[in-house]
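Residue-level listing of the chains:
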Amino acid sequence: MLTTNPFDDDKLKEECAVFGIWGTKDAAAHTALGLHAQQHRGQEACGIVCNNGDEFNAHRALGQVGDVFGDHRVMERLEGKAAIGHTRYSTTGEPNLRNVQPVYADFAFGGLALAHNGNLTNAISLRNELVQTGSIFQSTTDTEVLIHLIATSKGKVRDRLITALRLIEGAYSVVLLTRKKLIGVRDPRGVRPLVLGKLGDAYMFASETVALDIIGAEFIREVEPGEMITVDESGLTSEFPLDKTDSRFCIFEYVYFSRPDSIIEGRSVYDARKHIGKELAMEFPVEADVVIPIPDSGVPSALGYAEESGIPFELGIIRNHYIGRTFIEPTDEIRHLGVKLKHNANRGHIEGKRVVLVDDSIVRGTTSRKIVEMVRDAGAKEVHMRISSPPTSHSCFYGVDTPERKSLLASSNTIEQMRELIGADSLAFVTMDGMYRAMGEDGRNNDAPQYCDACFSGDYPIALVDKENKGTGQQLTNLREQRR
């Protein structure tokens, strides 16, 4: 029996990636490459919608980019000079074909395709009201709510989109394609990333700069929080149609989600992670013989820890990169052995040594416990765990798939209790101020935090409407009245 990997549920799951391009004859091919570079943000499904000036063509499927768009027959059907694409890990909606983006719809003004990274925190409330007034939904994603809000608004595409954006709450980066234009827009707090690039005469949007690198495009700048950029035959225009507010970019993009070779806010993600590791070493030193990362996401921070502490760095744990799916039924015995399908101890660099294990986070704690046990079985004298983020104690509602709060180890345990549960000799997390210092700040401004750190602090910068109201009420009607 083929089944999904049951041993990889102890990490926060990446959100999604978007890509859009206007003005090149190879739009679909560039989009596929851009999505491939952002595959780490969602491995469940992917899709591309393109336009050839007259008609739209689309291909969406469950699976990874290389499998879905590696068939030349698929790519030959995706002709046109403009395209948008999406890779998905479901944060809302079931993992089936009807929820794969980009979403496409025919309007009186023509076709429109839309792809979205993030979560709308009032989507259930809006959806319920839209259904009551006659809207028919084809998927269970919050992204389709945007399509219906555009459909029930008036005016040109730009005006309809602005009306829709003023009705939603949440964290989002959106790319939208019509026959005549490509639009990229970011939520007013800039929680989710979106960048602007150029290749020859073509403009493009992407979630991360690595998508520009893979096609040889020039990075122009980040789309600013609350900014809407329109690309058409006349060039590029920018406007800020949404109410201005304080920026709160997701700090976990630096800690884990983004590829280390991406650039965010002018800062290398790789360097940011190394600086976190250095802060961790200064805050929580320990007598040890070797620093070992838990691959792959723990590597840059472990390098920083080793550099600051002077303790040698070694790859004491080797990761199997081909563990996407298991080929056997996950019986209790196999579940017990499961961590070894993904990680294996490099005994020669562990046996007889005091080991510092560095990882980016602890979610449920199940994997951490098994890795500590594996390292002890490989002969380690001591095992000290160091984590390059504060304790993950709250769920995310802004586009990251996290367990319910009660399932987060840090939500109901002290650090000492967590240490006992994972079996380490010591356990320490970088402090909130230490993480902020690694970002170039003096520390966290508690009155006006510089980043969204809700998964660590419980300080949610955007109203959790659906959670608080349980998806009921006359929100759509009230918002339309307020924002006329």
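The rules we used
- Residues numbered from 1 in each chain as written.
- Predicted model: local features only at pLDDT ≥ 70, side-chain atom pairs only at ≥ 80, totals over all residues.
- Heavy atoms only, no water.
- Patch = residues over 30% accessible without salt bridge, like charges linked within 9 Å, V, L, I, M, F, W, Y side chains within 5 Å.
- Areas by Shrake-Rupley, 256 points an atom, 1.4 Å probe, with all protein chains shown as cover.
- Salt bridge = Lys/Arg side-chain N within 4 Å of Asp/Glu carboxyl O.
- Lys, Arg positive; Asp, Glu negative; His and termini not counted.
- Charge placed at Lys NZ, Arg CZ, Asp CG, Glu CD.
- Helix = DSSP H or I, 4+ residues; strand = E, 2+ residues; numbered from the N terminus.
- pLDDT = per-residue confidence, 0-100.
- Contact = heavy atoms within 4.5 Å.
- Pairing = 2+ DSSP bridges.
- Axes fitted to C-alpha atoms, helices over the stretch in contact; angles between N-to-C directions.
- Parallel < 35°, antiparallel > 145°, perpendicular 65-115°, else oblique.
- Left-handed = near helix turned anticlockwise from the far one by under 90°.
- Nonpolar A, V, L, I, M, F, W, Y, C, P; charged D, E, K, R; others polar.
- Expected span 1.5 Å × (residues − 1).
- Polar contact = N/O pair within 3.5 Å; in protein donor to acceptor, adjacent residues only side chain to side chain.
- Phe/Tyr/Trp six-rings, centres within 6.5 Å; stacked < 30°, edge-to-face > 60°.
- Buried < 20%, exposed > 50% of the residue type's maximum accessible area, 1.4 Å probe, protein only.

Here we look at a negative patch on the surface
- Together, Asp54, Glu55, Glu76 and Glu79 make up a negatively charged patch on the protein surface.
- Looking at where Glu55 falls in the secondary structure, it is placed in the loop between strand E3 (45–51) and strand E4 (56–62).

Structural notes on the confidence of the model for the protein chain
- When pLDDT is averaged along the protein chain, the result is 90; 89% of the residues meet or exceed 70.
- Of the regions scoring below 50 in pLDDT, residues 1–8 engages in 27 contacts with residues more than four places distant in sequence or in other chains.
- Counted against residues more than four places away or in other chains, residues 325–329, with its pLDDT under 50, gives 18 contacts.

As for the sheet that holds strand E13 (residues 228–232)
- As summarised here, the arrangement of the 6 strands in space is E6-E7-E8-E9-E13-E14, forming an open sheet in which the pairing is antiparallel. Strands at the two margins of the open sheet, each flanked by one partner only, are strand E6 (103–107) and strand E14 (235–239). When the angles between neighbouring strand axes are averaged without regard to direction, this sheet yields 20°.
- Here helix H5 (residues 143–151) sits on the sheet in contact with E6, strand E7 (110–120) and strand E8 (170–178), set at roughly 135° to E7.

Observations regarding the packing of helix H9 (residues 269–283) against helix H10 (residues 299–309)
- One can describe the packing of H9 onto H10 by two numbers: an axis separation of 6 Å at closest approach and a directional angle of 45°. As far as their axial angle goes, H10 and H9 are oblique. For the crossing formed where H9 meets H10, the hand is right-handed. Residue-level inspection shows Tyr270, Arg273, Lys274, Ile276, Gly277, Lys278, Leu280, Ala281 and Met282 of H9 in contact with H10, the latter providing Pro300, Ser301, Leu303, Gly304, Tyr305, Glu307, Glu308 and Ser309.
- For the contact of H9 with H10, a count of residues per class yields 8 nonpolar, 4 polar and 5 charged.

Looking at H9
- With 15 residues, H9 should reach 21 Å at 1.5 Å per residue; the first-to-last C-alpha distance of 21 Å fits that figure.
- Looking at where H9 begins, the residue whose side-chain oxygen comes 3.3 Å from the main-chain nitrogen of Tyr270 is Ser268.

Some remarks on unusual backbone geometry
- For the bond running from Gln101 to Pro102, omega is 0°, close enough to zero to count as cis.
- Mapped onto the secondary structure, Pro102 falls in the loop between strand E5 (82–88) and E6.
- Omega for the peptide link from Pro295 to Asp296 comes to -5°, which places this bond in the cis form.
- Its identity is not glycine, yet Glu265 carries a phi of approximately 50°, on the positive side.

Topic: the packing of aromatic side chains
- According to the stated counting rule, one finds 11 aromatic pairs in the structure shown.
- Measuring from centroid to centroid gives 6.0 Å for Phe249 and Tyr254, while their planes differ by 80°, and the two rings are edge-to-face. Taken individually, Phe249 and Tyr254 each receive the classification buried, so the pair is uniform in this respect.
- Taken together through their ring pairs, the aromatic side chains of Phe249, Tyr254, Tyr436 and Tyr451 make up a single cluster.

Here we look at the sheet that holds strand E12 (residues 218–222)
- Spatial ordering of the open sheet is given by E4-E3-E5-E2-E11-E10-E12, a layout of 7 strands whose pairing is antiparallel. Each edge of the sheet is formed by a strand with only one pairing partner; in this case those strands are E4 and E12. Neighbour to neighbour, the strand axes of the sheet diverge by 15° on average, direction disregarded.
- Bridge count for strand E10 (residues 195–199) against strand E11 (residues 202–206) is 5 bridges, and the pairing is antiparallel.

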